[in-house]
Amino acid sequence: MLPSISAGIWRGAQHILRTSRVAPRRTGLCTCAGIPGELCDAGTIFALSSGHGRCGVAVVRVSGPASTTALRCMAGLTHSLLTPRTALLRSITDPQSKEVLDRGLVLWFPGPHSFTGEDSAEFHIHGGPAVITAVLQALGSLPGMRPAEAGEFTRRAFHAGKLGLTEVEGLGDLIHAETEAQRRQALRQMCGDLGRLYQDWTSRLKRCLAHVEAFIDFSEDELIEDGVLNQVDTSVCDLQAEMERHLKDERRGERLRSGVQVVIAGATNAGKSSLLNTLCQRPAAIVSPIAGTTRDVVETALDIGGFPAVLSDTAGLRDSPDLVEREGVRRARERVEQADLTLVVVDCAQLPSDAQQAPAFLQGHLSSILPTQERSQTERCLLVLNKTDLVSEEWRQQLETELRRSSGLPPVCLISCQTNEGLQDFLAALHSSIKALCGDPLSGAPSLTQARHRAHLQQCVAALSQYHRYRDTDLALAAEGVRLALTSLGRITGRVGAEEILDIIFKDFCIGK
Amino acid sequence: MLAKRVPPLQSFLLRFSRTASHLARHKYDVIVVGGGHAGTEAAAAAARVGAETLLVTQKIHTIGALSCNPSLGGVGKGHLVKEVDALDGLCGRAGDWAGIHFSILNRRKGPAVWGPRAQLDRELYRQFIQSELLSTPRLTVLEGSVEELLLTEPDPEEPGHHRVTGIRLANGSQPVSASSVVLTTGTFLSGSLFMGQTTSPGGRIGDAPSSAGLSHTLRERLGLRVGRLRTGTPPRIVKDSVDFSLASLHAPDKQPTPFSFLNTHTRCKPEEQLPCYLTHTTPGVEKVVRESLHLNCHIQQDTKGPRYCPSIESRVLRFPGRRHQVWLEPEGLTSDLLYPQGLSMTMPPDVQLCLIREIPPLHRAEIHTPGYGVQYDFVCPTQLSPALQVKSTQGLFLAGQINGTTGYEEAAAQGLWAGVNAGRWALSMPPVALSRTESYIGVLIDDLVSRGVTEPYRMFTSRAEFRTSLRPDNADLRLTLKGFEEVGCVSSLRYQEAVRVRDSLQDALAALQSLVLPTSSWKKILGDVGISETKNSILNGMDLLQYNNVSFEMLASAFPERFSPHLEFSQRLEIEAIYRPHCDLQRKEMERIQREESLSLPPDMDYLSLPVSLSQEVREILDRVRPSTLGAATRLQGMTPAAVVQLLSYVHQTGKKERRSHRNQLDQKGREEDGCTRNVVLPQ
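Only a predicted model underlies this, so the values are computations on that prediction, with no experimental measurement involved.

### Focus on the pattern of salt bridges
Right, so step 1: Taken as a whole and assessed by the stated rule, the structure comprises 49 salt bridges over all chains.
Right, so step 2: Residue A:Lys387 is joined to A:Asp347 by a salt bridge in which the shortest nitrogen-to-oxygen separation is 3.4 Å. Here A:Lys387 is found in the loop between β11 (381-386) and α10 (393-405), whereas its partner A:Asp347 is found in strand β10 (residues 341-347), with 40 residues between them in sequence.
Right, so step 3: Taking the shortest distance from any N to any O, the salt bridge between B:Glu123 and B:Arg126 comes out at 2.3 Å. Separated by three residues within a single helix, B:Glu123 and B:Arg126 lie in helix α5 (residues 122-134), roughly one turn from each other.
Right, so step 4: For B:Arg126, a relative accessible area of 11% translates into the label buried.

Here's what the structure looks like:
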């Protein structure tokens, strides 16, 4: 779960400390550590609650005390115009620039008679990505508003007693799915320069905190000189300036391609590049009978039945002594981890000659390719058995019978990229998988994650000014500022626990008492 | 308070020296094993909550002994002392009695991290603790060594696999039974002493090793996981042999500040305080360490030692080429010895002498007692509940170094809490827990039981999330009221004082808040105190107190009729004004944690087959650690938000069911009891 931003960030000072003692997990991993903290956090949240891709209408939901503010500032619904549960056609404008963003339906659901039990609002707008992004950004610029965390609407409903028992049971699964989607989204964003930048800030901030904490806990007995704090002063100033510059930079880092991330993976020479070329109907990747031809990730944007997808061909997964190929394999595994949908390509001729053993073989093959947490999620994978032209018709029928009998495998398609046999069925399966994924508002929309990162950074910068304010009068309150800043940044790069800070202290100083 | 506390030494030694054969009774509510900082607090606390208590120790004479450094408190540790005192424990008052050099550390860094600290007179400290135990009603002290724990079938109504029923002493006398037992064996659990290349069994030099029976019971019969840790102590130096002109003098605070909320002054008069001296290691020290490494068993072993109180050997090995601080501390008003803080070492005695003589003021120093190292077993504390009870054994409580901590204050804090809960268990009262949102004791215990230890655990203020709320100045308001009203470990005298303080502070804060004036008027009244003309041109008294150069005294002299009745609390009011806005911001987060901590997870929950959707990984974590509350579960490494929600919804459902069935049981029980007389012996 991406931890939340407390409502007060926009007012500057209202931060709530949430120091976790859960050690951060993998680098660049946005979240996932247990943060029940947000189970019932206050503040007004918003999110896109319809899918993207080919959809005529997008629904943006708002829940919390500032819902009426959103209706007033963006749809011109002053108090006298507010009518509960009635759809009104309004111009939706940016609260700052007053520019008209779209024309659409707005609804007001005063609490407690709403899904979450709180005051809520809905904006039904046109489904284009530009309109959606503009409306979400406009909402985010209002005081007290923040992007919702995974499952937060449902959690609020749960806490307001709005959910039945069966719905509550589904809540955990829902949150799991949403956090997973956000995790993949975050992984994509964090693996580039932006990720390195955030990591660098985090490690510098950790060091600042460790040095302030060391000065508080040990300086009376130890050789920790006041100079330590002067270094922290400089570092904090630098960090603040860098973050502010970054926030002002309109480029907002790399623009990520929007769409469902489809990754083709498998052993060498299974025909992954051929599949890519077949799908995009042009020779986008080099195809040769030599194993290990594809070494880097080849990426193509595709429109599959009207849904945006980014198709990536990856290096064949094998142990190789070749340094370049090894890097290719590492990148391939990274891509599979970030994928919304993985197409696992298998060479039919490599299957066991006894068709009865095929399901077990495929099961084992899948677990060597898919990341651990996704082995059970068969809906996020398609198994493509390629090169059907190389096997006998009789064996093929045996295989199909066996596959039908077995359970636990993802959908299987038998194709031949050489003869285009089975391609139609495969495209239909791919289309329905992608359609299902597009129905989930969380896959493939980088702007949402970016908005969240931005909010956390703003909070971080604000917290750092608390350090300066109290630096000379009360070091406990100054340290509190750095703690808050690190907590905010930790929501992007992974949480930082007290133990980690102590590790730095003991590495940098000789504490003898 | 202090004046009454002159211990009648002769008479209490007599009463203490009862032996097993003279035991007045063979049945107690609580037995505490060990007479160190944890044991004495545990015994006193158990007796305070109303339990008939027996303290068993190897040597009555060493009850309350300071085995290592002659000091109490410090940054983080001082917070613990204040909290133990707020719960009516002993160590704060003992420190005020025995202190010979008081100082508040971190004086310039903000009151939330002030560290009250004192050098102690070892003899006075011991005497105070012993006389305090003597005058504690319901408490008996027995000299002896515990051979084994008596165990029986568990009470089926409660979770656990065993139930403790008492102890058997080593001398073969009759067993002594009790409803609960608190083990505070310190470094004595399979302890071995190291000096140079010689190793001998024991937990402290000069004391007999404790019997192997107890260690065997914990490991083999109760199946507890144990680990091994090490610690050490420096040589004691003959004071007359030290050249103080080569060290720099560190004077105590001019006005000593007592630890205890009950004391307005310390026994030691300001001018009678003794100084400390500071000196540094030289390259020669490093040379001696390196050349004697082959003679040093303790250092060669890879048992985990602390990173923050390392021996001089590990300091120079980890940070070579540096000067390291050495504090020369007095051991007492009349003692001929000095304690060289920072020179813990385990090399052979002759090498120790060579080493200390490399330090300028010690160039012709004599060693009275050489330093040595100790290795000892500790019980992995994740096997304990937040009441410090062993989860698998009803009535068995552990506190102090046996739980993997280091330090007097950490031991005292756990001892007090284990004693409280052992007493409550024996009296059939439900366990009580302290939250990490309300106290450092809560932080300490939560860290221990939900995360475990990998090295000796010491308190730092950086461990407390709510540092600006958990201050030394307000420990009484945080804990004394609760200690009386909910826990039952606080005397009514102390309670009344805390109520008076609370009410006066509330009145004073209300008076401050109600005095609202425009900025211009404040300037006229107080002169130039740095009030800036902002758009917020109306300020109340609390706002004013947040300014560095505005004191409560200034306000009191400007508005005498309004504020002078509260002058007693000037400092506390100023501190409160600075932190109030920040604490208000933290309150919501604290409430959330408390809410989660109030949702308890049944200790016997079968996580591996719980009918909710949890991953195998999460199930295994939960099964291994068995967190006692949802709050503790959420802090586990590897927990996912989804898993927390699943647990939450499960606990909600089963909680409702259980409450219903519990109510039915109670109704039934009530009907049964009406017919018969209850055969319960109430404690006096």
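More follows now that the structure is in view.
### With respect to the sheet that holds strand β12 (residues 226-233) of chain B
All names here are of chain B.
Right, so step 1: Read from one edge to the other, the open sheet built from four strands follows the order β11-β10-β19-β12, with strand pairing classed as antiparallel. Both outer strands of the open sheet, β11 (198-201) and β12, are each paired with one neighbouring strand and no more. With strand direction ignored, the average angle separating the axes of adjacent strands in the sheet is 25 degrees.
Right, so step 2: In terms of strand pairing, strand β10 (residues 192-195) meets β11 through four bridges, oriented antiparallel. Across the sheet, Leu193 pairs through a bridge with Ser200, a residue of β11.

### Looking at helix α15 (residues 519-526) of chain B
All names here are of chain B.
Right, so step 1: Listed in full, the buried residues belonging to α15 are Thr519, Trp522 and Leu526. When α15 is viewed along its axis, its buried side chains cluster within an angular range of 60 degrees and face the same direction.
Right, so step 2: Taken together, the buried residues of α15 touch β22 (516-518), β23 (538-540), α16 (541-545) and α17 (552-558).

### Here's the deal with the state of the cysteines
Right, so step 1: With the rule as written, the count across this model stands at zero disulfides over all chains.
Right, so step 2: Free cysteine: A:Cys348, not disulfide-bonded; nearest cysteine sulfur from A:Cys417 at 11 Å.

### Overview of the domain arrangement of chain B
Residues and elements named next belong to chain B.
Right, so step 1: Splitting chain B by domain gives domain 1 (27-230 + 376-486), domain 2 (236-373), domain 3 (511-585) and domain 4 (599-676).
Right, so step 2: A separation of 43 Å is found between the C-alpha centroids of domain 1 and domain 3.
Right, so step 3: Opposite the 12 residues of domain 1 that make contact, domain 3 presents seven residues.
Right, so step 4: Both sides of the domain 1 and domain 3 interface together cover about 780 Å² of buried area, and 54% of this is carbon and sulfur.
Right, so step 5: The tally of links between domain 1 and domain 3 comes to two salt bridges.
Right, so step 6: Residues Asp476 and Arg572 are paired through a salt bridge, measuring 2.8 Å at the closest nitrogen-oxygen approach.
Right, so step 7: Summed over the shared surface of domain 1 and domain 3, the result is four residue pairs in polar contact (both at pLDDT 80 or more).
Right, so step 8: Residue composition of the side of domain 1 that touches domain 3, by class: four nonpolar, four polar and four charged.

Conventions used here
- Residues numbered from 1 in each chain as written.
- Chains lettered and ligands numbered in written order.
- Predicted model: local features only at pLDDT ≥ 70, side-chain atom pairs only at ≥ 80, totals over all residues.
- Heavy atoms only, no water.
- Salt bridge = Lys/Arg side-chain N within 4 Å of Asp/Glu carboxyl O.
- Helix = DSSP H or I, 4+ residues; strand = E, 2+ residues; numbered from the N terminus.
- Buried < 20%, exposed > 50% of the residue type's maximum accessible area, 1.4 Å probe, protein only.
- Pairing = 2+ DSSP bridges.
- Axes fitted to C-alpha atoms, helices over the stretch in contact; angles between N-to-C directions.
- Arc of directions from axis to C-beta.
- Contact = heavy atoms within 4.5 Å.
- Disulfide = S-S within 2.5 Å.
- Domains from an automatic or database assignment.
- Buried area = accessible area lost by both parts, 1.4 Å probe.
- Polar contact = N/O pair within 3.5 Å; in protein donor to acceptor, adjacent residues only side chain to side chain.
- Nonpolar A, V, L, I, M, F, W, Y, C, P; charged D, E, K, R; others polar.

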